[in-house]
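Listed below are the residues making up each chain.
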Amino acid sequence: MTSELTLRMREIREVETSGRHELSQLVGINKKTLESLEQTGRAPKGELLQAVCSIWPKYTLWLMTGQVNEVTGQVSPEIEKALKQTGTDTD
């Protein structure tokens, strides 16, 4: 069974980075560890979630709960991708 947190983290990686190598460097973990998490679906540890939220705070609510609150700037990668395409990026 794949962890929802793992799936959400992967979505963030796909929108915000060029791949696993870049994300692993940004959050300070081994690329193989990240690859293993995504392939096995294991839930990421708290330290990894904290690192992702520190780099991209706009995804914190969505990453942890699956919810968004655009009024407060808490979006999902899907929303961010749409905003980037329209030129109204939240960054």
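One structure accompanies this document, and this report is about it. Keep in mind that what you see is a predicted model, and the values were worked out from it rather than measured.

**What to know about the packing of helix 1 (residues 4–16) against helix 3 (residues 31–40)**
- The N-to-C vectors of helix 1 and helix 3 enclose an angle of 125 degrees; their axes lie 9 Å apart at closest approach. What the angle tells us is that helix 1 and helix 3 run oblique. Between helix 1 and helix 3 lies a crossing of left-handed hand. Touching T6, M9, R10 and R13 of helix 1 are L34, L37 and E38, all from helix 3.
- Residue classes in the contact of helix 1 with helix 3 are distributed as three nonpolar, one polar and three charged.

**Structural notes on helix 3**
- Of the residues making up helix 3, those classed as buried are L34, E35, L37 and E38. Projection of helix 3 onto a plane perpendicular to its axis shows the buried side chains occupying an angular sector of 160 degrees, all on one side. Away from its buried face, by an angle of more than 90 degrees, helix 3 presents the exposed residues K32 and Q39.
- Buried residues along helix 3 sit against helix 1, helix 2 (20–27) and helix 4 (46–55).
- One side-chain oxygen at the N-terminal end of helix 3 lies 2.6 Å from the backbone nitrogen of K32; it belongs to N30.
- At the exit of helix 3 stands G41, carrying a positive phi of roughly 80 degrees.

**Digging into the environment of L5**
- By the element assignment, L5 lies in helix 1.
- With 46 residues separating them along the chain, L5 and A51 place their C-alpha atoms 13 Å apart.
- Among all residues touching L5, those that are not within four sequence positions of it are P44, L49, L63 and M64.

**Some details on helix 1**
- In this model, helix 1 (13 residues) spans 18 Å end to end at C-alpha, consistent with the 18 Å of a helix rising 1.5 Å per residue.
- Check the buried side of helix 1 and you find it contacts helix 2, helix 3, helix 4, helix 5 (60–65) and helix 6 (77–86).
- N-cap assignment for helix 1: the residue whose side-chain oxygen lies 3.1 Å from the backbone N of L5 is S3.

**A few points about the environment of T72**
- Mapped onto the elements of the fold, T72 is located in the loop between helix 5 and helix 6.
- According to the relative accessible area criterion, T72 is exposed, its value standing at 54%.
- Sequence spacing of T72 and W62 is ten residues, and the spatial spacing of their C-alpha atoms is 12 Å.

What counts as what
Residues numbered from 1 in each chain as written. Predicted model: local features only at pLDDT ≥ 70, side-chain atom pairs only at ≥ 80, totals over all residues. Heavy atoms only, no water. Axes fitted to C-alpha atoms, helices over the stretch in contact; angles between N-to-C directions. Helix = DSSP H or I, 4+ residues; strand = E, 2+ residues; numbered from the N terminus. Parallel < 35°, antiparallel > 145°, perpendicular 65-115°, else oblique. Left-handed = near helix turned anticlockwise from the far one by under 90°. Contact = heavy atoms within 4.5 Å. Nonpolar A, V, L, I, M, F, W, Y, C, P; charged D, E, K, R; others polar. Buried < 20%, exposed > 50% of the residue type's maximum accessible area, 1.4 Å probe, protein only. Arc of directions from axis to C-beta. Polar contact = N/O pair within 3.5 Å; in protein donor to acceptor, adjacent residues only side chain to side chain. Expected span 1.5 Å × (residues − 1).

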